[in-house]
Amino acid sequence: MDLKKEELLLKIWEEEKRHISDPNNKPKYFITAAFPYPNSPQHIGHARTYTLTDIYARFYRLLGYNVLFPMGFHVTGTPIVTMAEKIKEKDESLLKVFENIYGIPKEVYEKLTDPFDLVMFFSKEIEEGMKRMGYSIDWRRKFYTSDPHFQRFIEWQFQKLYKKGLIVKGTHPVAFSLKLNSSVGAHDTKGDIDPEITEYTGVLFETPIGYLVTATLRPETLYGITNIWIRKDETYKVIEYQGKKLIVGNWDILKHQLPGAKEVGQISGEELLKLEAEVPITGKRVPIYHGDFVDPKEGTGIVMSVPGHSLWDYYEYSKISKEPYPVIIKIEDKESKAEDYFKSHGADPKKLQELNEEFYHLEFTKGFHVPLNAPVKEARELVKEKLKEKDSFITLYKISNGPVYSRAGDEVIVKVIENQWFIDYGNPEWKKKAKELLKQMKIIPEEMRSRFENTIDWLKKKAATRTRGLGTKFPFDKSQIIESLSDSTVYMAFYTFAHKITSYNPEQLTEEFFDYIFYGTGEPIDDLHKELRQMFDYYYGLDARHSGVDLVTNHLTFFIFNHAVLFPHKPPKAIVVNGSVLMEGKKMSKSLGNIIPLKKAIQQYTADVLRLTVAASTEIIMDANFSESTAKGVKERLEFYEKAFLNSEDGEKDDLDEWLEKKVQHYATLAYDHYRNYEIRKVTNLLFYELYKDLQWYMQRTNKRNFKNIAKIWATYLAPIVPFTTDYIYRELFNESVFDQTLPVFTQATFHHEEEFLRDLIEDIKQLLRFKKGKKLYIGIAKPWKFDVYKRLEKRDPIKTIIEEEPRAKELIKKLKNKAYTLTFPYERESLIRYLERHKAFIEKELGLKVEIGEEKEKYALPDKPELLIE
RNA sequence: GCAGGGGUAGCCAAGUCAGGUCAAAGGCGCCAGGCUUAGGACCUGGUCCCGUAGUGGGUUCGUGGGUUCAAAUCCCACCCCCUGCACCA
């Protein structure tokens, strides 16, 4: 199979309109894969999910289903916008990726400074690649999520969720760049670092002029406070927040985390030193000291001092005070003291930070909180609750893996967004419905199910809107845009009528309009409207959703949630999850530069070879390893089949032909079940690798090439995986398309074991000939009683009885060891001898020996291993 | 921390759910031979250890125990590795 033949077939399929689907009276099968985000060309990794989807689309067509396999493009979110901006800014690292990895010339990408130009450019690339791979997609139904008709559909979705009380409003911390004036994800930072947010407890200490705020990860230690650290050379702000006066440093950052807080004055550190502060909960009054080590840009610039349980505090405290301090945590009934830990670990002040972290971890995992009589883990939560009761804490945030810099160059901070809209996946009723739906669904592979269950459990409110990026405007606040994972949860329903709905003006697509289509409520506005409903009704209930394993904990779970409440009458039936693709054993990445663009790979290997290598060379959940050598191997083997089958004859049949035909039927029978169990590797194992050995043997045995019958079965069974090669062979041999056939199903799955016996025998003799040369070979078949013993063993007659009735069996069974318990033995003595006699000429020719067949002369023969005597 | 996945010969990797044809498929690498002017490709054989005119013996599947006539596979404990934890597609 070469590229030209593949391209010719693509044209033929196109002309024959093979992949468009409309409602008819056949049973339908609606299959989809997660649509691509067009911000890069496709590489062979992307091809995995789509190829698997296509394999099943084609498989179900061969079973007689009316299969719909559509595709669209996800044009939502910020990465595309950011990319366009980076092109405009001539961002060097991006330009390098374009040139070196994607192989896009400068003149082309330079112009892509508008996000939509980028989208069109890449989506065209991707579409061409998908077509070239032979994906049997109904392209009439293609849409972009930026299409106004689709956006009306998303508005419908959010109206519905809102009315069900599943859209809620609240505040939410995000990583934020002041320079970009936008929240930032990994793609907005230098070095693509994903900013991580940790929550701090801001504890409020009352003083006569307001509350001092300290930020801590260990609120439980406030039982051990001796003093407060500040810096005397710093100026602190007095702010008003939720009716209280608070004193904080680092205000430039913190003001973004305390919505509504107002600066009302300031106070110098020197002034603060004169005050005393009251520790909440305990009511203890503590002094305020200056500490050089206090970083005014860290937290609130005010630190609570717990010398008993912080190495820093101990170290600083011991410099200025000899007073004893409280120790409130025990480990295994012994006081856990920062001082002891420090001293027993070298007492090196340079290692203070490192040791302190170890010590924190130790106390957190093993410590026991004495005042609260609880493990530290629990005490922390208890303290938080108490603080909440006393109204003595505020929540603060920090970038924990910082400093992270935005691509504009400023340090990323945490900002608390007010009026943030959420989809409330934490809603217990909704969780319940999602779980019920999950229970009804088939999850492939089944091991993935628990992951879905867990995800449903821990999913909480999800921010559903953003201020920046492409997408549909949020219906309840038009200044916001629906976030991209939230607008792609039920879009599969849109495919069912995507090519027809464009006849309407977007304004006509009201909530009632969609209600009619999806629920049949209200009246149709015209005949087309009626037709849309019929199409939805015919196709929906998605039969299979294919996706990569990385989408399980997000997209696929949202998919379940949303279907559970929006389409409870048309539930999806199955989710099929596949692993990713490795490149020569390594993860593909831009930095490694080991990404092969799909188009380039097709030119090098052909679509069929890629399909088999990427999608069918390993089981569905495993990562497929793409390597040049495997791809080459696949290519050669495919060519072998093509050549062999195209040279088929239609001659007279003999033992050997019958054996081969039955063998292929046997493989087909097994392969059918493997397909249904999504065990594609097993399909190719049989029909691609095992059969190869059988064909080799056949060709060794005879010069005949009676392959027509097996080519027919072979092509039909492998057509889903390698559609080009199989259809080409089928058309050449039988003058029709393999895709007009129905998959032949065989019930009788036995084959001629005698032939296998002969094959093994030749193997054994060849082994023996390496030690011993001669001119004559005597093949001594085991005596009848030995065959009887084997037969009885196969029937699982008790070994004891067999030996009782045939004492000679004892030795025989002893030799077999464990095998005696599981023996399978499909041979009959008489027919075996007849078969060998019939093919004696072949054995003689093959070995260059004179052969005689008879009963064993010595007593070494076993029924499956004849005695071999060379003279 | 919480959740999930995994440790199999030099490497990759099947086998584990349903214990026994498992010294353990397949591939790569390596060794020997064939083919070839040579290299590559291809073909044949070998590749845990010992033995060998064949069908044998020993020791292996992260570690340590257990169940069983029988364990890579079942049970228990331990060690190690990887992934996800969100507003990001």
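Right, let's walk through the structure included here. (Residues numbered from 1 in each chain as written. Chains lettered and ligands numbered in written order. Predicted model: local features only at pLDDT ≥ 70, side-chain atom pairs only at ≥ 80, totals over all residues. Heavy atoms only, no water.)

## With respect to the side chain of Ser183
Note the threshold: Where helices and strands are cited, they refer to DSSP runs of H or I of at least four residues and of E of at least two residues respectively, numbered from the N terminus. A 1.4 Å probe rolled over the protein chains alone gives each residue an accessible area, and that area as a share of the maximum for its type sets the label: buried under 20%, exposed over 50%, partly exposed in between. We define a polar contact as two N or O atoms separated by no more than 3.5 Å, with the added condition that, inside protein, one atom must be a possible hydrogen donor and the other a possible acceptor, whereas residues neighbouring each other in sequence contribute only through side-chain atom pairs. Note on definitions: a residue-residue contact is assigned when non-hydrogen atoms from the two residues lie within 4.5 Å.
Inspection of the secondary structure assignment puts Ser183 in strand β4 (residues 182–183). Residue class for Ser183 comes out buried when judged on its relative accessible area of 12%. Polar side-chain contacts of Ser183 include one of 2.4 Å to the side chain of Arg466. Filtering out sequence-adjacent residues up to four positions away, Ser183 remains in contact with Val174, Ala175, Phe176, Asp188 and Arg466.

## Thoughts on unusual backbone geometry
With the exception of glycine, the majority of residues adopt a negative phi angle, and the majority of peptide bonds are in the trans configuration. Here the residue pair Ile444 and Pro445 is connected by a cis peptide bond, since its omega of -5° sits within 30 degrees of zero. Counting through the fold element by element, Pro445 comes out in the loop between β20 (442–444) and α15 (449–458). The phi angle at Asn735 is positive, at roughly 65°, despite the residue not being glycine. Relative to the elements of secondary structure, Asn735 occurs in the loop between α27 (723–734) and α28 (753–769). Assessed through its relative accessible area of 73%, Asn735 is described here as exposed.

## Here we look at the protein's contact with RNA strand B
What counts here: Residues are counted as near a molecule or strand when any one of their heavy atoms sits within 4 Å of it.
RNA strand B sits among 42 residues. The nearest are Tyr37, Arg466, Ser484, Lys772 and Thr824. Restricting attention to atoms of RNA strand B within 4 Å of the protein, one finds that 43% of them are sugar or phosphate atoms. The contact in question runs from a base nitrogen of RNA strand B to an N or O atom on the backbone of Lys460, over 3.3 Å. Between Arg681 and RNA strand B, the recorded distance is 3.3 Å, taken from a side-chain N or O atom to a sugar or linking oxygen. If you list the elements that add at least two residues to the surface near RNA strand B, you get α15, β21 (461–463), α20 (552–566), α28 and β31 (867–870).

## Observations regarding the environment of Met492
The topology assignment puts Met492 in helix α16 (residues 492–495). The spacing of Met492 and Ala33 is 459 residues in sequence and 9.3 Å in space, taken between C-alpha atoms. When neighbours within four sequence positions are excluded, Met492 is seen to be in contact with Phe30, Thr32, Tyr540, Leu542, Arg545, His555, Phe559 and His563.

## Points about helix α23 (residues 628–646)
Stated formally: Multiply 1.5 Å by the residue count of a helix minus one, and that product is the helix's expected span.
The end-to-end C-alpha separation of α23 is 27 Å, in line with the 27 Å expected for 19 residues at 1.5 Å each. Every buried residue belonging to α23 is among Ala631, Val634, Leu638, Phe640, Tyr641, Glu642, Ala644 and Phe645, and all of these are buried.

## With respect to the packing of aromatic side chains
We count it as follows: Paired rings are identified among Phe, Tyr and Trp, the last through its six-membered ring, by centres lying within 6.5 Å, and are further divided according to the angle between planes into stacked (under 30 degrees), edge-to-face (over 60) and tilted (the rest). For a ring to carry a charge above it, either NZ of a lysine or CZ of an arginine must fall within 6 Å of the ring centroid while also lying within 35 degrees of the normal to the ring plane.
Summed over the entire model, instances satisfying the criterion amount to 76 aromatic pairs. With a centroid separation of 5.3 Å and an interplanar angle of 70°, the aromatic rings of Tyr60 and Tyr65 are classed as edge-to-face. Residue Tyr65 is classed as partly exposed on the basis of its relative accessible area of 26%. Between the aromatic rings of Tyr491 and Tyr495, the centroid separation amounts to 5.9 Å while the plane-to-plane angle is 65°, which identifies the pairing as edge-to-face. By relative accessible area, which is 0% here, Tyr491 ends up buried. Stacked on the ring of Tyr211, the Lys or Arg Lys244 has its end atom at 5.7 Å from the ring centre. The ring of Phe422 carries Lys461 above its face, with NZ or CZ at 6.0 Å from the centroid.

## Points about the pattern of salt bridges
The following threshold applies: In the sections that follow, a salt bridge refers to a side-chain nitrogen of Lys or Arg positioned within 4 Å of a carboxyl oxygen of Asp or Glu.
Going through the model one piece at a time under the given rule, you end up with 65 salt bridges. With its nearest N and O atoms 3.0 Å apart, the salt bridge here joins Glu127 to Lys131. Within this pair, Glu127 and its partner Lys131 are both found in helix α6 (residues 115–132), separated by four residues, close to a single helical turn. Here Glu263 and Lys237 are joined by a salt bridge, their closest N and O atoms 3.5 Å apart. Of the two residues, Glu263 sits in strand β10 (residues 262–268) while Lys237 sits in strand β8 (residues 235–241), which places them 26 residues apart along the sequence. When salt bridges that share partners are traced, they join Glu16, Arg18, Asp727, Arg731 and Asp740 into one network.

## Quick look at the sheet that holds strand β16 (residues 368–369)
What counts is decided by this rule: Two strands qualify as a pair provided that DSSP identifies no fewer than 2 bridges between them.
Strand order in this open sheet of four strands is β15-β14-β16-β17, and the pairing throughout is antiparallel. Edge positions in the sheet fall to β15 (334–335) and β17 (374–375), since each of these pairs with one other strand and no more. Relative to β17, β16 runs antiparallel, the two being bridged by two bridges. The residue of β17 that forms the bridge with Phe368 is Pro375.

## Describing the pairing of strand β7 (residues 227–230)
Taking every second residue as pointing to the same face, both faces of β7 are buried, with Asn227 and Trp229 on one and Ile228 and Ile230 on the other. Looking at chain direction, β7 and strand β13 (residues 303–305) are connected through three bridges and run antiparallel. Each residue of the ladder has a partner; that of Trp229, found in β13, is Val303. Of the strand pairs in this sheet, β7 and strand β12 (residues 285–290) are connected by three bridges, and their pairing is parallel. Following the sheet pairing, Ile230 is matched in β12 by His290.

## With respect to empty space enclosed by the protein
Threshold: As defined here, a cavity is a set of points on a 1 Å grid over the protein atoms alone where a 1.4 Å probe fits but cannot get out. A pocket is an open set with protein on both sides within 12 Å along at least five of seven lines, and residues line them when an atom is within 4 Å of a point. Grid points are joined across faces, edges and corners, and a volume is the space filled by probe spheres set on the points. Throughout, the ten residues Ala, Val, Leu, Ile, Met, Phe, Trp, Tyr, Cys and Pro are labelled nonpolar, Asp, Glu, Lys and Arg are labelled charged, and all others, Gly among them, are labelled polar.
Counted according to the given criterion, the structure contains one cavity of 30 Å³ or more. There is about 50 Å³ of room inside the largest cavity. Looking at the largest cavity, the residues that line it are Met1, Tyr605, Thr606, Val609, Lys635, Leu638, Glu639 and Glu642. By residue number, the principal contributor to the lining of the largest cavity is α23, which donates four residues. Here the residues of the lining of the largest cavity are counted per class, giving four nonpolar, one polar and three charged.

## As for the sheet that holds strand β28 (residues 624–626)
Quick reminder of the rule: The angle between two axes is taken between their N-to-C directions and runs from 0 to 180 degrees, where each axis is a line fitted to C-alpha atoms and a helix contributes only its stretch in contact.
Spatially, the three strands line up as an open sheet ordered β27-β26-β28, and their pairing is mixed. Each of the sheet's edge strands pairs with one partner strand only, and the pair in question is β27 (586–587) and β28. Pairing between strand β26 (residues 581–583) and β28: three bridges, direction parallel. The residue of β28 that forms the bridge with Met583 is Phe626. Along the sheet, helix α2 (residues 44–62) contacts β26 and β28; its crossing angle with β26, the most-contacted strand, is approximately 155°.

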